[in-house]
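Residue-level listing of the chains:
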Amino acid sequence: IIFGKTDGLQKTNLKSMYQLTITPMKPVSSKIFVHVRQERNLSQAAFARRLEVHQSTISKIEKGIHRPRIGLTRKLEQLTQKKLQDLIRLVREAE
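Focus on the packing of helix 2 (residues 28–39) against helix 3 (residues 44–51)
Argument step 1. With their axes 10 Å apart at the nearest point, helix 2 and helix 3 run at an angle of 105 degrees to one another. Taken together, helix 2 and helix 3 sit at an angle that is classed as roughly perpendicular. On helix 3, the residues touching Phe33, Val36 and Arg37 of helix 2 are Gln44, Phe47 and Leu51.
Argument step 2. Considering only residue class, the contact of helix 2 with helix 3 consists of four nonpolar, one polar and one charged.

In structure tokens:
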């Protein structure tokens, strides 16, 4: 990785190098939210109401734009009556 002007290359940072060289993957959390919501046959809006967040929050989590905060994952655990580790295992088994 080049961190300055060297051999005609312009200065860059780690984030832009990462974006150029690695194919982005959705985080496991986005897959969990999609899985739980679809398993319960809920729209994003209905799912958001149950988790007491805005629908755009669910949309951004499912797209991998945002990662859920710990409080939201706790609400998800309460809704499903399953621990986060169990939800991760379910999603990975379903892949």
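There is more to say, and it comes next.
Re the environment of Ser43
Argument step 1. Its location among the elements puts Ser43 in the loop between helix 2 and helix 3.
Argument step 2. For Ser43 and Ile58, which are 15 residues apart along the polypeptide, the C-alpha to C-alpha distance reads 10.0 Å.

What to know about helix 5 (residues 70–80)
Argument step 1. Considered for burial, the residues of helix 5 that qualify are Leu72, Thr73, Leu76, Glu77 and Thr80. One face of helix 5 carries all of its buried residues, which in axial projection span an arc of 150 degrees.
Argument step 2. Buried residues along helix 5 sit in contact with helix 2, helix 3, helix 4 (55–63) and helix 6 (84–94).
Argument step 3. Directly after helix 5, the chain includes Gln81, whose backbone phi takes a positive value near 60 degrees.

Describing the confidence of the model for the protein
Argument step 1. Across the protein, pLDDT averages 80, with 73% of residues at or above 70.
Argument step 2. Per-element mean pLDDT across the protein ranges from 50 in helix 1 (residues 14–21) up to 97 in helix 3.
Argument step 3. Every residue in residues 5–9 is under pLDDT 50, and counting partners more than four places away or in other chains gives two contacts.

Examining unusual backbone geometry
Argument step 1. Look at Glu52: it is not a glycine, yet its phi comes out positive at around 60 degrees.
Argument step 2. On the secondary structure map, Glu52 appears in the loop between helix 3 and helix 4.
Argument step 3. The phi angle at Gln81 is positive, at roughly 60 degrees, despite the residue not being glycine.
Argument step 4. Tracing the backbone through its elements, the reader meets Gln81 in the loop between helix 5 and helix 6.

What counts, and at which threshold
- Residues numbered from 1 in each chain as written.
- Predicted model: local features only at pLDDT ≥ 70, side-chain atom pairs only at ≥ 80, totals over all residues.
- Heavy atoms only, no water.
- Axes fitted to C-alpha atoms, helices over the stretch in contact; angles between N-to-C directions.
- Helix = DSSP H or I, 4+ residues; strand = E, 2+ residues; numbered from the N terminus.
- Parallel < 35°, antiparallel > 145°, perpendicular 65-115°, else oblique.
- Contact = heavy atoms within 4.5 Å.
- Nonpolar A, V, L, I, M, F, W, Y, C, P; charged D, E, K, R; others polar.
- Buried < 20%, exposed > 50% of the residue type's maximum accessible area, 1.4 Å probe, protein only.
- Arc of directions from axis to C-beta.
- pLDDT = per-residue confidence, 0-100.

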